[in-house]
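Letter by letter, the chains look like this.
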Amino acid sequence: MPQFMDVHHGMKGITAEQLREAHNADLAIEKEEKGVHFERAWADPESGTVYCLSAAPSADAVQRVHERAGHPADEVHPVPLSI
């Protein structure tokens, strides 16, 4: 399954609890979008940037889950190579 890294901007001051809540919102509905699984999320509260790693059939599938969870991604990038 292809992997994607998506980026959210404008989340300055995000806390660990808020990041966990957002990630859990994605996990709660990911099964409704066939083949999508959100693996991990990172945040930089100072810059307001959040990163999410997922496995999905397409970038559009990733974005649909984020939109339905209430936090659409600003960018979704394929990750064709990892070690």
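Everything below is about the structure shown above.
As the structure is a prediction and not an experimental result, all values here were calculated from the model.

Draft legend 1. Main features of the sheet that holds strand β3 (residues 49-55). With respect to topology, four strands assemble into an open sheet ordered β2-β3-β1-β4, the strand pairing being antiparallel. Either end of the sheet is taken by a strand with one partner, and the two such strands are β2 (37-44) and β4 (75-79). Taken over all neighbouring pairs, the strand axes of this sheet differ in orientation by 20° on average, direction set aside. Both strand β1 (residues 3-8) and β4 contribute to a ladder of five bridges, which runs antiparallel. Across the sheet, Asp6 pairs through a bridge with Val76, a residue of β4. Set on the sheet, helix α1 (residues 16-29) makes contact with β2 and β3; between it and β2 the angle comes to about 160°. Strands in contact with helix α2 (residues 59-69) are β1, β2, β3 and β4; relative to β1, the strand with the most contacts, it is inclined by about 45°.

Draft legend 2. Just the pattern of salt bridges, in detail. A complete count under the given rule lists three salt bridges for this structure. In this structure, Arg68 engages Glu32 in a salt bridge whose closest nitrogen and oxygen atoms are separated by 2.1 Å. With a gap of 36 residues between them, Arg68 in helix α2 and Glu32 in the loop between α1 and β2 connect regions that are remote in the sequence. Note on Arg68: relative accessible area 47%, which makes it partly exposed.

Basis of the calculations
- Residues numbered from 1 in each chain as written.
- Predicted model: local features only at pLDDT ≥ 70, side-chain atom pairs only at ≥ 80, totals over all residues.
- Heavy atoms only, no water.
- Pairing = 2+ DSSP bridges.
- Helix = DSSP H or I, 4+ residues; strand = E, 2+ residues; numbered from the N terminus.
- Axes fitted to C-alpha atoms, helices over the stretch in contact; angles between N-to-C directions.
- Contact = heavy atoms within 4.5 Å.
- Salt bridge = Lys/Arg side-chain N within 4 Å of Asp/Glu carboxyl O.
- Buried < 20%, exposed > 50% of the residue type's maximum accessible area, 1.4 Å probe, protein only.

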